[in-house]
Amino acid sequence: MSDQCLKNKDLRGKFFDTLGNGHYDTAPMSRPGDPLLDAERLATAGTVIEREFRIADFARLADRLARPEGTATARFALSRIEGVAVGELSVRANAELTCQRCLAPVRRVLESESRLALVASDEVPVPADHEAVTCDPQRLDLAALVEDELLLALPLIARHADGEACALADTAAAEVKSDEPATMRRPFAGLKELLKN
Ligand SMILES: [Zn+2]
């Protein structure tokens, strides 16, 4: 496995498909509209697919961001459990959202890991701990799947956390400070001097 990873890194940037050999499949940059994947075939071969997408190409996600910039990475490790094509999908993107408190941009890492069972209908039993994705497993739209996962990974309400520079929080904090008596701000001021004596 580690040999495989190293080999894969060397070949990064070139498209290659090593079905039945290395079981690794990477592409320089993918986008919605790329050829659909035969997940049945890839699951049988135990293929690991690694893809990079431009966030700007994900229309539904781009709508939810302050600026649709940067890339999203996806790793999809396919295999077969109880005869069903399954895949562990990891997605990750660094996204610029809009803080709902101060309306300034706030950066968040969107990431998720899911165990998916690729089934043609709801009737097909899904292996334990797997989420059913109803699709044509021989024509899987990985880009749509990745975008769905990123949309699910969006925070319900994006806003700066405590300690981050939220414009609104800063203003509020500054007001509180200016109202405070000087002694309140530095309760131990002069303590060092006292200890010297
Ligand atoms: Zn904010």
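Heads up: the structure comes first, above all this text.
From a predicted model like this one, the values you see are computed outputs, not experimental measurements.

**A closer look at the overall build of the protein**
Broken down by element type, the protein carries seven helices and seven strands. Going residue by residue from the N terminus, the α and β elements of the protein occur as α-β-β-α-β-α-β-β-β-β-α-α-α-α. Looking at the protein as a whole, 23% of its 197 residues qualify as buried. Partitioning the intrachain contacts of the protein with sequence separation of at least 6 by distance along the chain shows that 56% fall at a separation of at least 24.

**Some words on the pairing of strand β5 (residues 84-98)**
Note that strand β4 (residues 71-81) and β5 share ten bridges and pair antiparallel. Each residue of the ladder has a partner; that of arginine 75, found in β5, is serine 90. As consecutive antiparallel partners, β4 and β5 are separated by two residues, and within that stretch glutamate 82 has a phi angle of approximately 50 degrees, a positive value. Inspection of the sheet shows β5 paired to strand β6 (residues 105-119) by 13 bridges, in the antiparallel sense. When the bridges of β6 are listed, threonine 98 appears paired with proline 105. Where β5 hands over to β6, the hairpin turn is made up of six residues, of which leucine 103 adopts a positive phi near 65 degrees.

**Quick notes on unusual backbone geometry**
Excluding glycine, most residues fall at negative phi; most peptide bonds, likewise, are trans. At glutamate 82, a position not held by glycine, the phi torsion is positive, near 50 degrees. Its location among the elements puts glutamate 82 in the loop between β4 and β5. Judged by C-beta crowding, with 11 C-beta atoms within 10 Å, glutamate 82 ranks as exposed. For aspartate 129, which is not glycine, the phi dihedral falls at a positive 65 degrees. If you trace the backbone, aspartate 129 turns up in the loop between β6 and β7 (131-134).

What counts, and where the lines are drawn
- Residues numbered from 1 in each chain as written.
- Predicted model: local features only at pLDDT ≥ 70, side-chain atom pairs only at ≥ 80, totals over all residues.
- Helix = DSSP H or I, 4+ residues; strand = E, 2+ residues; numbered from the N terminus.
- Buried ≥ 20, exposed ≤ 12 C-beta atoms within 10 Å, placed from the backbone.
- Contact = placed C-beta atoms within 7 Å.
- Pairing = 2+ DSSP bridges.

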